[in-house]
Amino acid sequence: MTRVAAVDCGTNSIRLLVADADPATGELVELDRRMTIVRLGQGVDRTGRLAPDALERTFAACREYARIIKAHGAERLRFVATSASRDASNRDDFVRGVLDILGVEPEVISGDQEAEFSFTGATKELTGRTDLHRPFLVVDIGGGSTEFVVGEDHVRAARSVDVGCVRMTERHLLRGGAVTDPPTEEQIAAMRADIEAALDLAERTVPLREARTLVGLAGSVTTVSAIAQELPEYDSTAIHHSRVTLDRVREITGHLLRSTHAERAAIPSMHPGRVDVIGAGALVLLSIMERIGAEEVVVSEHDILDGIAWSVA
């Protein structure tokens, strides 16, 4: 086995996976997996730049991750950066900071590459399942973008669109610099229209409706699963490969969009960094399920991070 480390730096969070990987057997033994909310994409949709405090939060997480990677003795490291750092005019500051701390340059990958990693990470464990039908549609709802990938054993079509929980929140739910508490019907309708337009764009290149199994990735989807199960705290084992029905997603989304900040923060499984953006993320998931006629979503804790780890191995 090869001991590898993978870092996925997105718009809302930065995540680390250290694992022993055996490409010959397809076995990935997890040693350490963690996530830190850093909001790297704070204000990028409006300013086109990474904010200084957002960069510092991200670099602080990188310093902690460097310590963990060294402690585990990982032989190889790959650092992948997604939507926020693609969009920023000052992304060179971000690249230099990561290089200084971790010794590798962040790869600012395209949306299509992001989708490939997500598909590999999400479906590698599912290929032998007889209760799940192909093709899979893997949907990775991030902070700044959402990736759609259709495939059987390999990717057939992929598309990334600029719709994510942070971007939708900042674009539609902010008033006077603060998230509306709760959003108005007009704000929700405008956000929904934006999401539907993005789905129209995705359908130009990805046959979304051909999917037989919808696999949902990332924090918005896993949080919806945790709420659906009424978990007393966030539990990755209970969430991984759980299934949430369309009716339950619709119910949860409606509740989140009608609730106040305090009510969302009081949900036991809610990460503090997701309190203000979970409503938008849940609405993206609901819109996708209604568009393709999915009766349920299979929730995966394995995603782009696992795909990055496999690429290193």
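Residues numbered from 1 in each chain as written. Predicted model: local features only at pLDDT ≥ 70, side-chain atom pairs only at ≥ 80, totals over all residues. Heavy atoms only, no water.

Draft legend 1. Structural view of the packing of helix α7 (residues 185-203) against helix α12 (residues 278-292). Relative to each other, α7 and α12 sit at 50°, their axes nearing to 10 Å. What the angle tells us is that α7 and α12 run oblique. Taken as a pair, α7 and α12 cross one another with a handedness that is right-handed. Listed contacts from α12 to Ile188, Met191, Arg192, Ile195, Glu196, Leu199, Asp200 and Glu203 of α7 are Ala280, Leu283, Val284, Leu286, Ser287, Ile288, Glu290 and Arg291. Broken down by class, the residue content of the contact of α7 with α12 amounts to nine nonpolar, one polar and six charged. (Axes fitted to C-alpha atoms, helices over the stretch in contact; angles between N-to-C directions. Helix = DSSP H or I, 4+ residues; strand = E, 2+ residues; numbered from the N terminus. Parallel < 35°, antiparallel > 145°, perpendicular 65-115°, else oblique. Left-handed = near helix turned anticlockwise from the far one by under 90°. Contact = heavy atoms within 4.5 Å. Nonpolar A, V, L, I, M, F, W, Y, C, P; charged D, E, K, R; others polar.)

Draft legend 2. Representation of the sheet that holds strand β1 (residues 2-9) in the model. Read across the open sheet, the five strands follow the order β3-β2-β1-β4-β5; overall the sheet is mixed. Two strands lie at the open edges of the sheet, namely β3 (27-37) and β5 (107-108), each paired on one side alone. Here β1 runs beside strand β2 (residues 13-22); their pairing, made up of eight bridges, is antiparallel. Note on β2: the bridge partner recorded for Val4 is Ala19. Each of β1, β2, β3 and β4 (76-81) touches helix α2 (residues 52-72); the most contacted strand, β2, lies at about 15° to it. Against the sheet, helix α4 (residues 91-102) touches β1, β4 and β5, its axis set at about 160° to β4. (Pairing = 2+ DSSP bridges.)

Draft legend 3. Representation of the domain arrangement of the protein in the model. The domains assigned to the protein are domain 1 (2-109) and domain 2 (125-305). A C-alpha centroid distance of 22 Å is found between domain 1 and domain 2. Across the boundary between the two partners, domain 1 contributes 24 residues, which contact 17 residues of domain 2. Of the roughly 1500 Å² buried between domain 1 and domain 2 on both sides combined, carbon and sulfur atoms contribute 50%. Counting across the interface, domain 1 meets domain 2 through one salt bridge. As a salt-bridge pair, Arg15 and Asp303 come within 3.0 Å of each other at their nearest N and O atoms. Every element with two or more residues in the side of domain 1 that touches domain 2 is listed here: β1, β2, β3, α1 (44-47) and α3 (83-87). Taken together, the residues of the side of domain 1 that touches domain 2 sort by class into eight nonpolar, eight polar and eight charged. (Domains from an automatic or database assignment. Buried area = accessible area lost by both parts, 1.4 Å probe. Salt bridge = Lys/Arg side-chain N within 4 Å of Asp/Glu carboxyl O.)

Draft legend 4. Representation of a nonpolar patch on the surface within the structure. A contiguous nonpolar patch, built from Met1, Val29 and Leu31 and spanning about 230 Å² of accessible area, is present on the exposed surface. With respect to the helices and strands, Leu31 occurs in strand β3. Leu31 gets classed as partly exposed once you look at its relative accessible area, which sits at 32%. (Patch = residues over 30% accessible without salt bridge, like charges linked within 9 Å, V, L, I, M, F, W, Y side chains within 5 Å. Areas by Shrake-Rupley, 256 points an atom, 1.4 Å probe, with all protein chains shown as cover. Buried < 20%, exposed > 50% of the residue type's maximum accessible area, 1.4 Å probe, protein only.)

Draft legend 5. Broad picture of the side chain of Asp22. Along the chain, the position of Asp22 falls in strand β2. Residues in contact with Asp22, not counting those within four places in the same chain, are Met1, Glu27 and Trp310.

Draft legend 6. Quick look at unusual backbone geometry. For the bond running from Arg134 to Pro135, omega is 0°, close enough to zero to count as cis. Within the secondary structure layout, Pro135 lies in the loop between α5 (111-123) and β6 (136-141). With an omega of -5°, the peptide bond running from Asp181 to Pro182 counts as cis. Within the secondary structure layout, Pro182 lies in the loop between β10 (178-179) and α7. You will see that Arg39, though not glycine, has its phi angle at about 50°, which is positive. Within the secondary structure layout, Arg39 lies in the loop between β3 and α1. Even without glycine at this site, His241 takes up a positive phi of about 65°. Mapping His241 onto the fold places it in the loop between α9 (236-239) and β12 (243-245).

Draft legend 7. Examining the pairing of β6 more closely. With six of its six residues buried, β6 lies for the most part within the structure. Neither face of β6 is open: one carries Phe136, Val138 and Asp140, the other Leu137, Val139 and Ile141, and all of them are buried. Note that β6 and strand β7 (residues 146-151) share six bridges and pair antiparallel. Bridge pairing in β7 places Leu137 opposite Val150. Counting the residues in the hairpin turn of β6 and β7 gives four residues. Across five bridges, the pairing between β6 and strand β11 (residues 213-217) is parallel.

Draft legend 8. Examining the sheet that holds strand β13 (residues 296-299) more closely. Pairing within the open sheet is mixed, and its six strands lie in the order β8-β7-β6-β11-β13-β12. Single-partner strands in this sheet number two, and they are β8 (155-161) and β12. The sheet shows a mean angle of 25° between the axes of neighbouring strands, taken without regard to direction. Relative to the sheet, helix α8 (residues 219-228) contacts β6, β11, β12 and β13, its axis offset from that of β13 by approximately 105°. Packed onto the sheet, α12 meets β6, β7, β11, β12 and β13 and runs at close to 160° relative to β6.

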